[in-house]
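Now for the letters of each chain:
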Amino acid sequence: MQQARTPGRRELKLLKTLIAANIQAFLLSGGTVSGKRGSRGKRAVKSVAGVAAVFIVSLLFCSLYFGMLFISLASFEEHGYGWVYFAVSAILGLLFLIIGSASISKAMIFEAKDNSMLLSMPIKSFHIVASRVAALLAMNLAYLSSVMLPAAIIWQIRCGFSPASFVSFLLFLIGLLCFGTSLGVIMGYVISMIARRSRHKTAVTTVLSFVFFGAYMAVIIGGQSYIMEALENKELLAGGLKGVLPLYIISSAVSDGSIGVSLMAMAAELGIFALSVLLISRSFNSIVAGSSEVRRKKTSPVEFRSRGIMPALVLKEARHLGSNALYSMNSTMGAFMTILAAGFAVIKRESLQEALSLFSASPEYLCIIIATASTFIIGMNTLSGVILSVEGDRLWILKSSPIKSIDILKSKLYMHEIISLPPAVIFWAVPVILVKPDIATAALSLAAVTLYCVLTANLGLWINLLRPSLDWTNEAAAIKGMNTGLVMLLNMAVSTVLVILGALLPSAVGSIPALLIITAALLLGTALSYLWIKRRGVRRLERI
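Being a predicted model, the structure only gives us computed values, none of them experimental.

Conventions used here
Residues numbered from 1 in each chain as written. Predicted model: local features only at pLDDT ≥ 70, side-chain atom pairs only at ≥ 80, totals over all residues. Heavy atoms only, no water. Helix = DSSP H or I, 4+ residues; strand = E, 2+ residues; numbered from the N terminus. Buried < 20%, exposed > 50% of the residue type's maximum accessible area, 1.4 Å probe, protein only. Contact = heavy atoms within 4.5 Å. Areas by Shrake-Rupley, 256 points an atom, 1.4 Å probe, with all protein chains shown as cover. 1 Å grid on protein atoms, 1.4 Å probe; cavity = no way out; pocket = protein on both sides within 12 Å on 5 of 7 lines; lining within 4 Å. Points joined across faces, edges and corners; volume = space filled by probe spheres on them. Nonpolar A, V, L, I, M, F, W, Y, C, P; charged D, E, K, R; others polar. Core = buried A, V, L, I, M, F, W, Y, C linked by side-chain atoms within 4.5 Å.

### Brief notes about the overall build of the chain
For step 1, the next point in the chain: Counting secondary structure elements, the chain contains 23 helices and zero strands.
For step 2, the next point in the chain: Here the chain holds 544 residues, and the buried ones make up 50% of them.
For step 3, the next point in the chain: Contacts in the chain between residues at least 24 apart in sequence constitute 87% of all its contacts with a sequence separation of at least 6.
For step 4, the next point in the chain: Here the chain displays about 25,900 Å² of accessible surface, and carbon together with sulfur accounts for 68% of that area.

Spelled out as structure tokens, the structure:
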């Protein structure tokens, strides 16, 4: 009997080891500092700080964006439609989770660097996929909690949970986590299958990822507008959501405190999750083999062109950025959002002008407010925060080349600035078009936005030099690691200071002096951060 149980125990132990390794790869993505691994305790502290930073950024964003909506929806409980609150929060949480996990699931499951090595070992495909999905579950818990935690807090303050409804809510949360992860994994699977049959895999993956994200933003913006209009007609909103019967049953179970129904719903969602993992594991071998397929190409003469060191390094960074869909989408999200916001503002300029005319403020003041507020969107670019880490074990090639260390770092700064500056300038034109400030205010606001882009590039590289992650087995660990959250949190802090200064200084000293102060502060921060990179940053790069 003991011998019969041994293979099962070995497989279970192997699965636990793989799960622990994948979760550790993401949690300990702080990497090495100065080429030496820190102690386990120090790395754990840094990892917890990074996880907290990512979670705080998501929590702040969702609390600010959905807070008023949740407060308005809580009033449905007084009219007997409390389940609508949980239905809407579930939809928002699922959308936030699915879009966050669709592109990364493709990179984590099918494009991990150690896939070929694991497949060459006596390890089942199911164990490999299950371990990857377990790490994805841990990440998705942060995404989902950043929506559901504010929803739970607001509900507790406005209505209050009974013990039974709180238990039902926890079961509801577990079910949403598994169901949303399964949908994200299936979307990643579909993207992988489509890209596998295409000659231009990276381009197809990037386009599909941005299409999914665009659809997500359209649903969020349109859905929120619909909900805000439907708040005046509660029966209309409740009737529309009741048409989605499973959502109605699960949400009603939470509001009524029906633990039995919540348990059955969670079991069904766990079943869907298990089926999705089985589906992926059956196709895992063929997709991984197809992703590394070698095709015979016709030889053709190639013309070599000599370039300077800096253009060659920047071109290398651009090619690397364009070769990875997850890298380009996650690290340049601010540029994409800035262009979308600028286009939306131009399309809706008449409505925006009417709204701005309601404020009894000068065009110069409005220009300062819009320009400083736009930095929140621009600051979502986190490219410089991971641009060193994505080099991985290829960094030694650069370091062994006859290239100065400062040139390597400059090329990475330039890449971030090339991505950030054009969308920022496009968005800068929005207040010029809408409020028509004087030339001096427009020019100084452009200088402030430009310096913000340069400063955030320096700050991102500063964090990446302090926390390089070079020993990853999956590039997604470097791209979606803790540096991303830290960079975004730091950028948001700088943007918050700029908005406060832009709101208070003009009334105290005037618009032009206020912009001069803001520009001078940004210039000082940019100079100090670049001076650190030029001196200590170069030394840290050489010690890695």
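Once the structure has been displayed, the description carries forward.
### Overview of empty space enclosed by the protein
For step 1, the next point in the chain: Using the criterion set out here, one finds five cavities of 30 Å³ or more in the structure.
For step 2, the next point in the chain: Volume-wise, the largest cavity comes out at about 50 Å³.
For step 3, the next point in the chain: Lining the largest cavity we find Ala371, Thr372, Thr375, Ser445, Ala448, Val449, Tyr452, Leu498, Leu515, Ile518 and Leu522.
For step 4, the next point in the chain: The set of elements that each furnish at least two residues to the lining of the largest cavity consists of helix 15 (363-373), helix 20 (439-466) and helix 23 (511-543).
For step 5, the next point in the chain: Top element by residues in the lining of the largest cavity is helix 20. It accounts for four residues.
For step 6, the next point in the chain: In the lining of the largest cavity, the residues fall into eight nonpolar, three polar and no charged.

### Examining the environment of Leu504
For step 1, the next point in the chain: Here Leu504 shows up in helix 22 (residues 482-509).
For step 2, the next point in the chain: Taking the C-alpha atoms as reference points, Leu504 and Ala514, ten residues apart in sequence, are found 8.7 Å from one another.

### So, unusual backbone geometry
For step 1, the next point in the chain: Even without being glycine, Lys436 reaches a positive phi, approximately 55 degrees.
For step 2, the next point in the chain: Residue placement: Lys436 occurs in the loop between helix 19 (405-435) and helix 20.

### Details of the nonpolar core
For step 1, the next point in the chain: In terms of nonpolar packing, the biggest core is built from 95 residues, with Val84, Tyr85 and Phe172 touching the most fellow members.
For step 2, the next point in the chain: Counting 16 residues, the second-largest nonpolar core is a separate cluster that includes Tyr452, Val494, Ala514 and Ile518.

From the geometry alone we can't say anything about function, so treat these as descriptive.
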